[in-house]
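Observations on the model geometry
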Amino acid sequence: MSGRARREETVDVVWSGDWVAERLGVALEGDGELRELLGLALRRNPKRAHLLVSNVLGKHVPQKPSVVYGAGYGLGERVRALLGAEEARRAVVLGYAETATGLGHAVADGLRDAPYLHSTRRPVAGVAPAGGFEEAHSHATSHLLLPEDPGLLASGAVGDASALVLVDDEFSTGNTVLNTIRALHELHPRERYVIVALVDMRSPADRDRLTAFAAEIGARVDLVTRAAGTVSLPDGVLERGQALVAEREAEQAPPPEQAEHAVQAGRAQTQAQPGGAGAVASAGPSGGADGAASHSGETSEGPTAGGAANDSGETSEGPAPLTRVGLGWPAGVPDGGRHGFTPVHRAALEAALPGMAERIAAALGDDARSGPRRVLVLGFEELMYAPLRLGTALEEALGADADVRYSTTTRSPVLAVDDPGYAIRTRLVFPAHDSPADGPGDRYAYNVAGAGFDAVVAVVDSTADTPELHAPDGLLARLAAHTGHVLLAVVPSYTPHPTPAPHQEPSVLPEPLRGPDFSSYAPEDVGWLLQDLSDTRLEAPTEEREEAIQSGGAHYAESLPVEYQPSAEYQALFTAALDASAARIARAVGTVTETVLAERGPRPVLVSLARAGTPVGVLMRHWARHRHGLDLPHYAISIVRGRGIDATALRWLAAHHDPADVVFVDGWTGKGAITRELAAAISAFEESSGISGFDPEIAVLADPGGCVRTYGTREDFLIPSACLNSTVSGLISRTVLRADLVGPDDFHGAKFYRELAESDVSGDFLAAVAARFDEVADEVDAATKELLAADRAPTWEGWAAVERISEEYGIHDVNLVKPGVGETTRVLLRRVPWKILARRGAGADLQHIRLLAEQRGVPVEEVDDLPYSCVGLIHPRYTRGATGADGKAVQGA
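Everything in this summary refers to the structure shown in the same document. Note that the structure is predicted; figures quoted are calculated from it, not measured. (Residues numbered from 1 in each chain as written. Predicted model: local features only at pLDDT ≥ 70, side-chain atom pairs only at ≥ 80, totals over all residues. Heavy atoms only, no water.)

**Some thoughts on the overall build of the protein chain**
Secondary structure assignment for the protein chain yields 22 helices and 35 strands. Every one of the 893 residues in the protein chain was classed for burial, and the buried ones make up 60%. The long-range share in the protein chain, meaning contacts at least 24 apart out of those at least 6 apart in sequence, stands at 77%. Only carbon and sulfur atoms are counted for the fraction: they give 50% of the accessible area of the protein chain, which is about 32,800 Å². (Helix = DSSP H or I, 4+ residues; strand = E, 2+ residues; numbered from the N terminus. Buried < 20%, exposed > 50% of the residue type's maximum accessible area, 1.4 Å probe, protein only. Contact = heavy atoms within 4.5 Å. Areas by Shrake-Rupley, 256 points an atom, 1.4 Å probe, with all protein chains shown as cover.)

Structure, rendered in structure tokens:
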């Protein structure tokens, strides 16, 4: 524990709003939880004197990060239940600056797959506002909307079921939300809005006004809050509140000569410190934004000068040291939602958080887990979510013995009164340090001074890492007066990519590649809408790829795994599996092909999703020729999760075929990620290119996840083409998308592994299945007739199971849960597996899974009630330290 005395915990018998209530007659009435959630304070504001101070928001009152995050995440889960899982995936979440930026982000996390945007008061050069609105009672009113993707707020317009979810910390009058909806509804009218707040404090008249407004615009408006109540304000409360603020500030202001002495002492001490300005205690007055003088380490009792002061007024031996922490922030992940934050960004951040928390813990000292016991993670104005998630990860890293808290600095000037019945006990005042557009001014950190923090981790974005931050009266120096150790963690400010000029179509599009020059398939079987990268070194060891992917340092499509070379035992297993399942595969091929011909005929254009879909597309082409004499065109196209489909390939298809004839083909569904990716990618392509008519529905051989309506079967069985990599897929690698290799008019890339020709069984696979076509013809006719008459609407049963497994096993990332035989095989061949879940009683279909798991030292856990035959779990927090000396994944949790 540092030399600074800690504030003793106050027994929870005094409400932190009593001081204001007693002096101004303000009454808070409502749910039983309301007083636990809120306290009261006073601010100098010509429109509203009182301030509702949240105990779970993490803005003014330091709180456990897990409590703050849990409050928002829980609201998001309630919104998800209200909308339903499918509609929640299409929703867009909008939070309010500055107070609710972190809350809104946590709500978006609770919805699981919703993109997030928050309003901002920081203009960004080169980014045109997509809208704006006013917050009538705020001290800083104008809100800007600066999405990197201008279409973000346009999604969900009338005709689409998606909702706009608006998140604020409190719903007081409803004016701000009404202003927002009115402004956005004029631009992009939609049918549903959901308003989310920690507390609903509206009067009955305000409630009626919202109801009337919803009827006026013809939209449904729902409200989700944690608690509800009202604030009763007596007549004249604004004037009496302003007078009380002026009186208390006059009492707290230091005499001019004392303030000047503090300035000089601080400057002298700064110059004497070897660590520079960032390593010293602050001193000197700072004119408050409300006109009141303030001082270093200001509390309600008086100023300090020179060294650091504790609650008893004693001066410590000197300022706290400053340590700069390199976070290793994942590349490409925005610092927050100012320009939009997508589910892809979320997954990359989640994977990187444990490592960043460990870096902070290490910077606290070698004895961090037995050293600093009370740590504050302090965010910065609108930068709330990044420090909040760093705080939750630090809680976990330091363990239950450490007391980790979280709050942020703010623009709002609030009176500090050191009384247990008042919500803002102390305040630190320092100059703005991010060159704000509205000019210089004071900023504040509340309930930090005298709170007994052994260390403070200040988290700012790189825009705010300025000389003002490190100045003698800057934030770091102010903090140094009240803690034993100051750490500075800088998150890189995200710079949106400027919207490119309208794309000019090239005069000549590239042509498809065909065998034998590219792939071992016959040239008429498939045209690859890819570019040949065979001479480029793209392979990386599995462990290196996994660490890069999970840390956010690289996308999985930027490199290739080393091709798995099967052992003789595994190759024999593949041959036996093919013999055993060829008839079942033939039935599924025939059924899906006949369904496509019946619904999308007479001459569909098959476009398989490379590479898992390509063997299926070739087999469908063979069936159509064998049974009907049709010579169907077939192409292979690249789609990349998180990056979308190859737009150049779509342009080629539109130039050579009617888009309405294109049928996308894949091997199987897992949880349905590619199904959703394709739908979103086609929509984005049509909007950007003006080319329309592509149907994003996928036809698959097997649909165990219940994600599509065109399939051969919904059983989860072994498709031998999933057992191997390129050697059963025409010797073609998975596809590659990397900016230095793929230009705007290029096809995505892939490699042709000519050197593996002796191991190639692509032709054997096709021949074995095609040999059973006549044998299964009658069964196919019956199954097709039954399917065409059935309700084949997607059930998304698999997605629900994946979400359940993700939570039950503590993974909290559905991208690391790979369901089904095919996806589990991929995990064992390409990723770093953690464990395999096998449905109890599953037999021969899992023989190759068990063999691969044994070879990699991965446990197989038998479970009941699994809708798939098996599920592969990727190591949830992988670094190379998570493997043993032999390179195998560590077993266990």
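**Things to note about the sheet that holds strand β9 (residues 192-200)**
Sheets are built from strands that pair by backbone hydrogen bonding, the pairs being arranged parallel or antiparallel. Strands sit in the order β1-β10-β9-β8-β4-β5 across an open sheet of six strands; the sheet is mixed. Since the sheet does not close on itself, it has two edges, and those belong to β1 (27-30) and β5 (116-118), each with one partner. Shown here is a sheet whose adjacent strand axes are inclined to one another by a mean of 25 degrees, direction ignored. As paired elements, strand β8 (residues 164-171) and β9 share seven bridges and run parallel to each other. Paired with Leu 166 across the bridge in β9 is Ile 195. Across the sheet, helix α5 (residues 101-111) lies against β4 (92-95), β5, β8 and β9, angled at about 135 degrees from β8, the strand it touches most. (Pairing = 2+ DSSP bridges. Axes fitted to C-alpha atoms, helices over the stretch in contact; angles between N-to-C directions.)

**With respect to the side chain of Glu 395**
Among the structural elements, Glu 395 can be located in helix α11 (residues 385-398). Look at Glu 395: it is buried, it has no salt bridge, and the nearest opposite charge is Lys 64 at 5.0 Å. Within the structure, the side chain of Glu 395 is placed 2.7 Å from the backbone nitrogen of Ser 66, a separation counted as a polar contact. (Lys, Arg positive; Asp, Glu negative; His and termini not counted. Salt bridge = Lys/Arg side-chain N within 4 Å of Asp/Glu carboxyl O. Polar contact = N/O pair within 3.5 Å; in protein donor to acceptor, adjacent residues only side chain to side chain.)

**A word on the nonpolar core**
Formed by 140 residues in total, the largest nonpolar core has its most connected members in Val 93, Leu 111, Val 165, Val 196, Tyr 422 and Leu 479. Residues within four places of Tyr 422 in sequence aside, it is in contact with Ser 16, Trp 19, Val 20, Leu 40, Ala 41, Leu 42, Val 414, Leu 415, Ala 416 and Val 417. Residues Val 665, Val 728, Tyr 753 and Leu 846 belong to the second largest nonpolar core, which totals 76 residues. (Core = buried A, V, L, I, M, F, W, Y, C linked by side-chain atoms within 4.5 Å.)

**What to know about the packing of aromatic side chains**
Under the defined criterion, the tally for this structure stands at eleven aromatic pairs. Judged by centre distance (5.2 Å) and plane angle (80 degrees), the ring pair of Trp 19 and Tyr 422 falls under edge-to-face. One end of the pair, Trp 19, is in helix α1 (residues 18-24); the other, Tyr 422, is in the loop between β15 (403-409) and β16 (427-431), and 403 residues separate them in sequence. For the pair formed by Trp 19 and Tyr 422, the shared burial category is buried. When the centroid spacing of 6.4 Å and the interplanar angle of 45 degrees are considered together, the rings of Phe 664 and Phe 694 count as tilted. Placement of Phe 664 in strand β28 (residues 662-668) and of Phe 694 in the loop between α17 (673-689) and β29 (698-702) is noted, with a sequence separation of 30 residues between them. Neither residue differs from the other here; Phe 664 and Phe 694 are each classed as buried. Pairwise contacts between aromatic rings join Phe 518, Tyr 521, Trp 528 and Phe 752 into one cluster. Seen from the ring of Trp 796, Arg 89 lies directly overhead, with NZ or CZ sitting 5.6 Å from the centre. (Phe/Tyr/Trp six-rings, centres within 6.5 Å; stacked < 30°, edge-to-face > 60°. Lys NZ or Arg CZ within 6 Å of the ring centre and 35° of its normal.)

**Some words on the environment of Glu 36**
With respect to the helices and strands, the residue Glu 36 is situated in helix α2 (residues 34-37). C-alpha of Glu 36 to C-alpha of Ser 16: the two residues are 20 residues apart in sequence and 9.0 Å apart in space.

**Remarks on the sheet that holds strand β32 (residues 817-819)**
Ordered by their spatial adjacency, four strands build an open sheet running β32-β35-β33-β34, and the pairing between neighbours is mixed. At either margin of the open sheet sits one strand with a lone partner, and together these are β32 and β34 (860-863). Each strand of the sheet is rotated relative to its neighbour by a mean of 20 degrees, with strand direction disregarded. Running at roughly 155 degrees to strand β33 (residues 833-839), helix α22 (residues 847-856) makes contact with β33, β34 and β35 (870-874) of the sheet.

**Observations regarding the pairing of β35**
Of all five residues that make up β35, five are buried, and the element is covered over most of its length. As judged from the three bridges shared by β32 and β35, these two strands associate in the antiparallel manner. If you follow Lys 818 over to β35, its bridge partner there is Gly 872. Sheet analysis places β33 next to β35, joined by five bridges and oriented antiparallel. Residue pairing across strands places Pro 833 opposite Ile 874, the latter belonging to β35.

**Description of α11**
Under the 1.5 Å per step criterion, the end-to-end length of α11 is 20 Å for 14 residues, consistent within 8% with the ideal 20 Å. Burial analysis of α11 places 13 of its 14 residues in the buried class, the great majority of the element. Positive backbone phi, at 90 degrees, marks Gly 399, one or two positions downstream of α11. (Expected span 1.5 Å × (residues − 1).)

**Considering the packing of helix α3 (residues 65-83) against α11**
Where α3 meets α11, the closest approach of the two axes is 8 Å, and the angle between their N-to-C directions is 125 degrees. In this view, α3 runs oblique relative to α11, as classed from their interaxial angle. Seen from above, α3 lies across α11 with left-handed handedness. For the pair formed by α3 and α11, the contact residues are Pro 65, Ser 66, Val 68 and Tyr 69 on the first element and Tyr 385, Leu 388, Arg 389, Gly 391, Thr 392 and Glu 395 on the second. Residues belonging to the contact of α3 with α11 are distributed by class as follows: five nonpolar, three polar and two charged. (Parallel < 35°, antiparallel > 145°, perpendicular 65-115°, else oblique. Left-handed = near helix turned anticlockwise from the far one by under 90°. Nonpolar A, V, L, I, M, F, W, Y, C, P; charged D, E, K, R; others polar.)

**Comments concerning the side chain of Arg 192**
Within the secondary structure layout, Arg 192 lies in strand β9. In this structure the side chain of Arg 192 is engaged in a polar contact, spanning 3.4 Å, whose partner is the side chain of Glu 87. Side chain to side chain, Arg 192 and Asp 222 meet in a polar contact 3.1 Å long. Setting aside residues no more than four positions away along its own chain, Arg 192 makes contact with Leu 82, Leu 83, Glu 87, Ser 162, Ala 163, Leu 164, Arg 220 and Asp 222.

**Some points on the pattern of salt bridges**
By the definition in use, this model includes 47 salt bridges. In this structure, the salt-bridge partner of Arg 226 is Glu 33, at a minimum N-O distance of 2.7 Å. Pair noted here: Arg 226 is in strand β10 (residues 220-232) and Glu 33 is in the loop between β1 and α2, with a separation of 193 residues, a long-range link. Arg 226 sits in the partly exposed class, given a relative accessible area of 33%. For Asp 631, the salt bridge identified is with Arg 621, shortest N-O distance 2.1 Å. Here Arg 621 lies in helix α15 (residues 614-628) and Asp 631 lies in the loop between α15 and β25 (634-637), a separation of ten residues in the sequence. The class of Asp 631 is partly exposed, set by a relative accessible area of 42%. A single salt-bridge network, built from bridges that share partners, covers Lys 64, Arg 374, Asp 403 and Arg 405.

**Some points on helix α16 (residues 647-656)**
All of the buried residues along α16 are Thr 648, Ala 649, Leu 650, Arg 651, Trp 652 and Leu 653. In this structure, the buried side of α16 is in contact with β24 (605-609), β25, β27 (644-645), β28 and α17. Where α16 starts, the residue carrying a side-chain oxygen 3.0 Å from the main-chain nitrogen of Thr 648 turns out to be Asp 646.

**Structural notes on the packing of helix α14 (residues 568-600) against α15**
Relative to each other, α14 and α15 sit at 75 degrees, their axes nearing to 9 Å. The pairing of α14 with α15 is recorded here as roughly perpendicular in orientation. In this structure, α14 uses Ala 586, Val 589, Gly 590, Val 592, Thr 593, Glu 594, Val 596 and Leu 597 to contact α15, whose residues at the interface are Leu 619, Met 620, Trp 623, Ala 624, Arg 627 and His 628.

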